[in-house]
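Chain residues, written in single-letter form:
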Amino acid sequence: MKTLSVIGTRPEAIKMAPVVRLLAATPGVESVVAVSGQHRSMLEQVLNLFHIQPEYDLSVMAQGQSLNSLSARILQGMDELLEKVQPDQVLVHGDTTTAMAAAMAAFHRHIPVVHVEAGLRTGSLTEPWPEEMNRRVIDVMADLLLAPTEKAKANLLAENLQGRIHVVGNTVIDALQWVAQRLEKDAALQERVDAGLPRIAEGKRMVLLTSHRRENHGDGLAHICDAVTELVAGGEVEVVYPVHLNPLVKDVVQQRLGHVAGVHLIAPQDYVGFVRLMQRAFFVLTDSGGVQEEAPALGKPVLLLRDVTERPSVVEAGVVKLVGTDRQRIVSAANALLHDSAAYQRMTQAAHPYGHGDASEQIVKILLAAKAV
Ligand code: UD1
Ligand code: UDP
């Protein structure tokens, strides 16, 4: 069985790493990995950590690239790659432009598509944009739909799709556990990682922030920065923000927060550094998809800088709260966590709607069983 896994961005690399590592170690499987290169440095950080050396690189990265030219270049590159590799199936993950275009290229060549993390929906094509569309389009084309939760499966069933559906959990938990165990076992590594992270003043709590979603570019991001400025002015917290490399994020954040005392703007962290930051945070402010899954698994409350989420399980579990991008709403929710210990405790109950770290094992078993049929 020859699989081609296509990876484009940081979250895809993190969530596909456990799957491609296991595929590579499985007898009878020839696992080929291609990166589109939609991301460059942020992708390499993850591949190096998990010791993944892609056989192919479509090298589509360009500064400030438009979604159309990105999609076109991936489609073109994938077409040539599929001709060369002739895989039995193409694995894509999640909702990025890489995943959507790679799936479409395989579909056009009648090569079965396997969608890892299928079935997440916000119900709104504008949020997250364009990811909700990407995810729906991939699910329409996929032969095998690997849903992380029963809720995601129900979303797929409601759409009468043609692919077979399996609920497998989310591979992010596999990746998170791999890193958390390394940190736990290796005190020297933990020390090295800690030494590279910002020092927080004695007596202050650390709040971890990430924000990069396209629909928050502009006003949303400006309001988030204002909320953070107000929050640190209260004197109880310092904020650590690994800033996404998109200039539409980086430049605004640097301008609005670059000189605010108590705000630490840092480069994107490799996954070990970021997991350590989540472990050390009092709570997390984010608009990320993956962080919504990881922080609750580590027992850290999340204030979600979005109006809707495709991951309702953690909101229902009470560990993620939607606060949008309104400055006052963010500050009030943050202050509630800082001052109401009962409310804080309620949000620290570790939630595990995404499985216990065996999603990649289940995926490989399903692929092997499908091959045997
Ligand atoms: C993409 C995904 C998004 C995912 C995010 C993870 C799409 C449509 N969106 O959004 O779902 O949450 O990745 O980070 O696929 N850049 C660099 N170096 C990098 C990465 C990005 O310089 O390593 C800059 C470039 O100027 C690039 C810009 O960021 O043009 C935007 O990157 P892009 O991949 O188009 O979109 P993201 O906002 O990162
Ligand atoms: N992450 C990381 N370093 C960082 C910030 C995030 O390794 O500096 C990880 C994070 O743990 C999560 C993933 O990147 O697994 C999320 O990526 P991002 O927020 O860019 O994308 P999304 O999940 O929103 O698609």
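Read on for an overview of the structure.

About the cut-offs
- Residues numbered from 1 in each chain as written.
- Chains lettered and ligands numbered in written order.
- Predicted model: local features only at pLDDT ≥ 70, side-chain atom pairs only at ≥ 80, totals over all residues.
- Heavy atoms only, no water.
- Phe/Tyr/Trp six-rings, centres within 6.5 Å; stacked < 30°, edge-to-face > 60°.
- Lys NZ or Arg CZ within 6 Å of the ring centre and 35° of its normal.
- Near = heavy atom within 4 Å.
- Polar contact = N/O pair within 3.5 Å; in protein donor to acceptor, adjacent residues only side chain to side chain.
- Areas by Shrake-Rupley, 256 points an atom, 1.4 Å probe, with all protein chains shown as cover.
- Helix = DSSP H or I, 4+ residues; strand = E, 2+ residues; numbered from the N terminus.
- Pairing = 2+ DSSP bridges.
- Contact = heavy atoms within 4.5 Å.
- Axes fitted to C-alpha atoms, helices over the stretch in contact; angles between N-to-C directions.

Take the packing of aromatic side chains next. Each pair of aromatic rings is reported with the distance of its centres and the angle of its planes. This structure, assessed with the given rule, holds four aromatic pairs. Across the ring face of F282, the terminal group of R205 is positioned such that the distance to the ring centre comes to 4.0 Å.

Here the focus is the site of ligand 2. Inspection of the region around ligand 2 gives 15 residues, with R10, S288, G289, G290 and E294 positioned closest. R10 places a side-chain nitrogen or oxygen 2.8 Å from an oxygen atom of ligand 2. Protein coverage of the free-state accessible area of ligand 2, which is 530 Å², stands at 95%. Elements represented by at least two residues in the shell around ligand 2 include exactly α1 (10–24), α11 (271–280) and α12 (290–297).

A few words on the sheet that holds strand β7 (residues 164–167). Ordered in space as β3-β2-β1-β4-β5-β6-β7, the seven strands form an open sheet in which the pairing is parallel. Because the sheet does not close on itself, it has two edges, and the strands there are β3 (56–57) and β7. Pairing geometry for strand β4 (residues 89–93) and strand β5 (residues 113–116), over four bridges, is parallel. Opposite V90, over in β5, you have V113 as the bridge partner. The strands that helix α3 (residues 67–85) touches are β1 (2–7), β2 (30–35), β3 and β4; relative to β1, the one it contacts most, it runs at about 160°. Each of β6 (144–147) and β7 touches helix α6 (residues 150–158); the most contacted strand, β7, lies at about 165° to it.

As a further point, take unusual backbone geometry. Put simply, E127 and P128 share a cis peptide bond, and its omega is -5°. Residue position: P128 is located in the loop between β5 and α5 (131–141). Cis geometry is adopted by the peptide bond preceding P130, which originates at W129 and carries an omega value of 5°. Relative to the assigned elements, P130 resides in the loop between β5 and α5.

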